[in-house]
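Here is how the chains run, residue by residue.
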Amino acid sequence: MNEERREFIKKTSIGFLAGIGVSSGLFLNFLLEKTDASLWSDKNIAGTTRWGMLIDMRKCIDGCQKCVDACRLAHNVPDFGNATHQIAWLQKSPYREVFPTSGEDFAGKERTGKSVPSLCNHCADPPCASACPTQATFKRFDGIVALDYHRCTGCRSCMASCPYGAISFNWKEPRPAIKAINDIYPTREMGVVEKCNFCSERLLKGKLPACVESCPEKTLTFGNLNDPKSEIRLLLEKNQTMQRKPELGTLPSVFYII
Amino acid sequence: MKITKRDIVIGLLVLSALVALRVFWPTAKAEKIASPIAKATPIDSTVCIAPTEYMRSHHMQLLNEWRNTGARDSRPYVTADGKKFQKSLDTCLGCHSSNTYFCISCHQYANAKPTCWNCHLSPLDKP
Ligand code: SF4
Ligand code: SF4
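Residues numbered from 1 in each chain as written. Chains lettered and ligands numbered in written order. Predicted model: local features only at pLDDT ≥ 70, side-chain atom pairs only at ≥ 80, totals over all residues. Heavy atoms only, no water.

Chemist: Let's hear about the overall build of chain B: which residues, and what values?
Modeler: Scanning chain B for helices and strands turns up four helices and two strands. Reading the helices (α) and strands (β) of chain B from amino to carboxyl end gives α-α-β-β-α-α. Looking at the 127 residues of chain B, the share that counts as buried comes to 28%. Only carbon and sulfur atoms are counted for the fraction: they give 63% of the accessible area of chain B, which is about 8600 Å². (Helix = DSSP H or I, 4+ residues; strand = E, 2+ residues; numbered from the N terminus. Buried < 20%, exposed > 50% of the residue type's maximum accessible area, 1.4 Å probe, protein only. Areas by Shrake-Rupley, 256 points an atom, 1.4 Å probe, with all protein chains shown as cover.)

Here you go:
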């Protein structure tokens, strides 16, 4: 028996022993969640659903970052720790940055002093999707403006066309900058953009978006804007709400109560 | 790396100790949760989407189709005999990741370098 053959047999038997380890339950299986096939419809009819969100700033606590952290964890959003490379799907920004054109330049601190959760608005007429040359960014049948990372070439046209700065670019390899890897969602790679997906992977499993679920104050309400009986529609009916930069005609699906 | 007799003996001892621990320690059940989100719930599918022979030779074509259409058309993939699957790499890994080396052992032998793992977490990357 020659040396190489000996080595080969030794290494193979290590693999075999690892197999025994697996079958005895030593190494954990993937912790994957079951997808409920009954939640899918075979026909995705455009127009029946338009997912939207209502953010009630009367309830939001200043300084709380629970929703932001939940989003980071749910989607393996990297944190490079500096503004140049910053990547955010959901972030809290000063009121005047979120609503720069709301005509409240001289409004009192109690109205404009808070930092406001801001995310992709999943616009009904999304300029980002029109700008994308590869159709990596596109509007889904349920109103979610989705991004197919496989198609993204990293040209950043979408970033330039989004009036809300909701899209971030991976200037560096994101994986090392992810604090806690969540093993049920992929990461991205260097050279693609990323943004909020309204937790479409959670909706598929019949769950609410991670930010909505994580908020202890129930600040965020998520629902179908095309269903007149949904909670979000009832709240929109009863309250005075506003959108970000409505004058641009992007028709945001994220609404705010201030 | 050269593997000596000593390495093998130590390795065997450690493995048998771990197996014994796992088998005889009732509380050592799969309670560990990798991340606060991932709860140990049943895995997606218990059957393969196509016969093993076909999957062995054509999985790359099927996965390529899933990759190209999965995000855009979220309707499930329907097999010839009417079973439905989510077009996701996780559908496959739900079963196959129980063997950490399932993908890599062949790919390495065939010198195939799929780009899947640039973003998707391979069984080797999982915590
Ligand atoms: S907020 Fe920006 S990224 Fe989101 S849909 Fe509107 S234009 Fe596109
Ligand atoms: S960066 Fe990617 S998603 Fe954005 S416009 Fe270019 S190809 Fe489309």
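From this point, the narrative continues.
Chemist: Go over the confidence of the model for chain A, please, and point to the residues and values.
Modeler: For chain A, mean pLDDT is 87; residues scoring 70 or higher make up 82% of the total. Segment residues 21-33 of chain A: pLDDT under 50, and 43 contacts once partners within four positions in sequence are set aside and those in other chains are kept. (pLDDT = per-residue confidence, 0-100. Contact = heavy atoms within 4.5 Å.)

Chemist: Help me get a handle on the site of ligand 1, residues and values and all.
Modeler: Cys120(A), Asn121(A), Cys123(A), Cys128(A) and Cys162(A) are the nearest of the 13 residues found near ligand 1. Partitioning the shell around ligand 1 into residue classes produces ten nonpolar, two polar and one charged. (Near = heavy atom within 4 Å. Nonpolar A, V, L, I, M, F, W, Y, C, P; charged D, E, K, R; others polar.)

Chemist: Account for unusual backbone geometry, with residues named and values stated.
Modeler: Even without being a glycine, Arg156(A) presents a positive backbone phi close to 70°. In this structure Arg156(A) comes out as partly exposed when scored by relative accessible area, which is 35%. Within the chain, Asn111(B) stands out as a residue other than glycine whose phi angle is a positive 55°. By the secondary structure assignment, Asn111(B) is in the segment after helix 4 (102-110).

Chemist: Give me the lowdown on the nonpolar core, citing residues and values where you can.
Modeler: Residue and element names in this part refer to chain A. With 47 residues, the main nonpolar core has Met-53, Ile-55, Leu-119, Phe-198, Leu-220 and Tyr-256 as its most contacted residues. Sorting the residues of this core by element identifies strand 1 (51-56), helix 2 (66-75), helix 3 (95-98), strand 3 (115-119), strand 5 (145-147), helix 8 (210-214), strand 8 (220-224) and strand 9 (254-257) as the ones contributing at least two each. No other element matches helix 2, which puts three residues into this core. Beyond its immediate sequence surroundings of up to four residues, Ile-55 is in contact with Pro-117, Leu-119, Thr-219, Leu-220, Val-254, Phe-255, Tyr-256 and Ile-257. (Core = buried A, V, L, I, M, F, W, Y, C linked by side-chain atoms within 4.5 Å.)

Chemist: Talk me through the site of ligand 2; I want residue IDs and the actual numbers.
Modeler: As a structural note, the neighbourhood of ligand 2 is formed by 14 residues, with Cys132(A), Cys152(A), Cys155(A), Arg156(A) and Cys158(A) the closest of them. A breakdown of the residues in the shell around ligand 2 according to their chemical character gives eight nonpolar, five polar and one charged.

Chemist: Give a description of the pattern of salt bridges that names residues and reports values.
Modeler: All chains considered together, the criterion is met by eleven salt bridges over all chains. For the salt bridge of Arg175(A) with Asp125(B), the shortest nitrogen-to-oxygen distance reads 3.0 Å. On the criterion of chain membership, the pair formed by Arg175(A) in the loop between strand 6 (168-169) and strand 7 (193-194) and Asp125(B) in the segment after helix 4 is interchain, its members lying in two chains. Across the pair Glu53(B) and Arg56(B) runs a salt bridge, and its minimum N-O distance is 3.3 Å. (Salt bridge = Lys/Arg side-chain N within 4 Å of Asp/Glu carboxyl O.)

Chemist: Before we move on, can you summarise helix 2 of chain A with the specific residues and values?
Modeler: Residue and element names in this part refer to chain A. Of all the residues in helix 2, the buried ones are Cys-67, Val-68, Ala-70, Cys-71, Ala-74 and His-75. One side of helix 2 holds all its buried residues, which, seen down the axis, span an arc of 165°. Summarising the contacts, the buried residues of helix 2 are in contact with strand 2 (90-94), helix 7 (200-203), helix 8 and strand 8. Phi turns positive, to about 50°, at Asn-76, one or two residues after helix 2. (Arc of directions from axis to C-beta.)

Chemist: So what's going on with the environment of Gly11(B)? Which residues, and what values?
Modeler: Along the chain, Gly11(B) falls in helix 1 (residues 5-24). As a C-alpha pair, Gly11(B) and Lys83(B) span 72 residues in sequence and 43 Å in three-dimensional space.

Chemist: Account for the confidence of the model for chain B, with residues named and values stated.
Modeler: All names here are of chain B. Chain-level pLDDT for chain B is 77 on average; 76% of the residues reach the 70-or-more range. The low-confidence segment residues 26-44 (pLDDT under 50) makes 39 contacts with residues lying over four places distant or belonging to another chain. Listed scores for the predicted complex are pTM 0.77 and ipTM 0.78.

Chemist: Could you give an account of the packing of aromatic side chains, with specific residues and numbers?
Modeler: Residues and elements named next belong to chain A. With the rule as written, the count across this model stands at seven aromatic pairs over all chains. Where Trp-51 meets Phe-222, the ring centres are 5.1 Å apart and the plane angle is 20°; that geometry is what we call stacked. Of this pair, Trp-51 sits in strand 1 while Phe-222 sits in strand 8, and the two are 171 residues apart along the sequence. Taking the centre distance of 5.0 Å and the plane angle of 85° together, the rings of Phe-99 and Tyr-256 count as edge-to-face. Residue Phe-99 is found in the loop between helix 3 and helix 4 (109-112), and its partner Tyr-256 is found in strand 9; the two are separated by 157 residues along the sequence. Tyr-256 gets classed as buried once you look at its relative accessible area, which sits at 0%. A network of ring pairs unites the aromatic residues Trp-51, Phe-198 and Phe-222 as a single cluster. (Phe/Tyr/Trp six-rings, centres within 6.5 Å; stacked < 30°, edge-to-face > 60°.)

Chemist: How would you explain a nonpolar patch on the surface if you had to name every residue and give the values?
Modeler: Residue and element names in this part refer to chain B. A contiguous nonpolar patch, built from Ile-10, Val-14 and Leu-18 and spanning about 230 Å² of accessible area, is present on the exposed surface. The residue Val-14 is located in helix 1 in this model. According to the relative accessible area criterion, Val-14 is partly exposed, its value standing at 46%. (Patch = residues over 30% accessible without salt bridge, like charges linked within 9 Å, V, L, I, M, F, W, Y side chains within 5 Å.)

Chemist: Hey, could you go over empty space enclosed by the protein for me, with residue numbers and the actual values?
Modeler: Residues and elements named next belong to chain A. Taken as a whole and assessed by the stated rule, the structure comprises five cavities of 30 Å³ or more. Size it by volume and the largest cavity reaches roughly 90 Å³. Lining the largest cavity, in full, are Cys-60, Ile-61, Cys-64, Lys-66, Cys-67, Lys-92, Pro-117, Cys-215, Pro-216, Glu-217, Thr-219 and Leu-220. Within the lining of the largest cavity, the residues separate by chemical class into eight nonpolar, one polar and three charged. (1 Å grid on protein atoms, 1.4 Å probe; cavity = no way out; pocket = protein on both sides within 12 Å on 5 of 7 lines; lining within 4 Å. Points joined across faces, edges and corners; volume = space filled by probe spheres on them.)

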